[in-house]
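Spelled out from the first residue to the last, the chains are:
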Amino acid sequence: MQQQQQAGGVCKTFKLLFTTQDICRITLDNVATWEAFHQQLIDLYPHTHHPELTIRYKDDEGDLISITCQHEWEAMLEATHDQSTVRLLLSEGPNQGKYFKDGPAAVTQSAYVQTNDSCAPVEQGSMRTLQVQLPRCLARFFPGGQILPTSVPSWLQGCIEIKRVEAENPTLDLDVDVTKLFEQLHEQAMGCIGADKERSVMENGKKYLQSMLDLVPTHPVANYNMACVHSLLGHLQEAADSLRTAIQGGYNNLKHMMQDADLENLRATPYFNDLVQLLQRQLNQHTTTSPTTTSPSSSAEEAPMTQMSELPCEPIDVPQPQAVATVTVIEAKQVEREPIVVVEQVEVSPAPIVTAFATQQATLQSMGFCDIERNESLLVRRRGDITKCINDLLA
């Protein structure tokens, strides 16, 4: 029996019968998903296999059954669970050699913002951004890195609607709801972050976060979570850079930043103390200009992902050689910017400080740690290291 459970998913042996009369026998270690199966075949047979081939298997009644999606793939796995080897026939589809993969690369054709029942074109600056970034964002997740309407990953299907446009050369448009895409990228990324995750899983999580940043480069939550991944992977300079961008983009949950286990490696570096001071300066500046504050989010990772300021929308183009296919990717909804969340400040009457650690004392008091004697004792014991003192005060 060749089928077994492994950490990466289902392991199964296949006999592959290609149109070229080649026959291959392989055992794949992760075939739980249709996309994973395709990607492994592309890696193994880059000149023979591509996602637009028709794949069929013979059921127990002798009929050839086509597999075109995750649901049909799961049905095949169930129907063949007692077979030591599964025979799959890979052949050309009805287009007989006319494939989207042979057409030009996907490009953005148009973009619009939908409000209730009306649509309006996006501004020119956002359109230019989308023309470059949306295809790049999507291509990371298609088998072989090529956007094809025949191989949309299952987790993206709620974001992309395929439409056929009849013309002299029939065209397929991919309408992408960029707001939903952003939220799906966040959901996928969150499943890959954590000290309990394997390194390869966290590296995969970086792809989802990078695609979020392709769409909104200064998004504070995406940059914060990228800092967490880099910290967990030991990329400390990159972690510091991402966290700095998050703070500059509006991230302001100081308490969470000081306690987040994912940033433990970064907190042990000199970079972190500088970032604490940067955030504190921004909080103080915001307090002087805006007296009203709100409670901080309980977790940056759980912050709502619908806060996409200046979120672009766009379409993409993927023609076939003769039956040309234009893949138009787009449909994005404008989302109002959410109010900035500011760590609650405690007003303290200024007290004269005569100490070798006057600057650190002032910072601790502005953060709400008002016991001057306790602060002084910790600063002496920690030799002025404010990060360690804050950790002691929060413990």
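Bear in mind the structure is a predicted one, so any value in this text is a computation, not a measurement. (Residues numbered from 1 in each chain as written. Predicted model: local features only at pLDDT ≥ 70, side-chain atom pairs only at ≥ 80, totals over all residues. Heavy atoms only, no water.)

J.: Is there a simple way to think about the packing of helix H6 (residues 220-233) against helix H7 (residues 236-248) in this case?
T.: Each packed pair of helices is defined by two parameters, the angle between the axes and the distance between the axes. Between H6 and H7, the least distance of the axes is 8 Å, while the angle of their chain directions is 165 degrees. Put simply, H6 runs roughly antiparallel to H7. Of the two elements, H6 crosses H7, and the hand of that crossing is left-handed. Side by side, H6 and H7 meet where Pro220, Asn223, Tyr224, Met226, Ala227, His230 and Ser231 of the first sit next to Leu236, Glu238, Ala239, Ser242, Leu243, Thr245 and Ala246 of the second. (Axes fitted to C-alpha atoms, helices over the stretch in contact; angles between N-to-C directions. Helix = DSSP H or I, 4+ residues; strand = E, 2+ residues; numbered from the N terminus. Parallel < 35°, antiparallel > 145°, perpendicular 65-115°, else oblique. Left-handed = near helix turned anticlockwise from the far one by under 90°. Contact = heavy atoms within 4.5 Å.)

J.: Any chance you could explain the packing of helix H4 (residues 178-190) against helix H5 (residues 199-215) here in plain terms?
T.: Between H4 and H5, the least distance of the axes is 8 Å, while the angle of their chain directions is 150 degrees. On the basis of their axis angle, the class for H4 and H5 is roughly antiparallel. Of the two possible hands of crossing, H4 and H5 adopt the one that is left-handed. Between H4 and H5, the contacting residues are Val178, Leu181, Phe182, Leu185, His186, Gln188 and Ala189 on the first element and Gly205, Tyr208, Leu209, Ser211, Met212 and Leu215 on the second. Per-class residue counts for the contact of H4 with H5 are 9 nonpolar, 4 polar and no charged. (Nonpolar A, V, L, I, M, F, W, Y, C, P; charged D, E, K, R; others polar.)

J.: Can you walk me through the nonpolar core in this structure?
T.: A general trend in soluble globular proteins is that nonpolar side chains are found buried together. If you look at the biggest cluster of nonpolar residues, it comprises 61 residues, and the most contacted ones within it are Leu138, Leu156, Leu181, Leu185, Leu215, Leu243 and Met257. No other element matches the 8 residues that H6 contributes to this core. If we ignore the near neighbours within four places in the chain, the residues touching Met257 are Tyr224, Leu243, Ile247, Tyr251, Leu263, Arg267, Phe272, Leu275, Val276 and Leu279. Of all hydrophobic cores here, the second largest spans 21 residues; its members include Trp34, Ile55, Trp73 and Leu90. (Core = buried A, V, L, I, M, F, W, Y, C linked by side-chain atoms within 4.5 Å. Buried < 20%, exposed > 50% of the residue type's maximum accessible area, 1.4 Å probe, protein only.)

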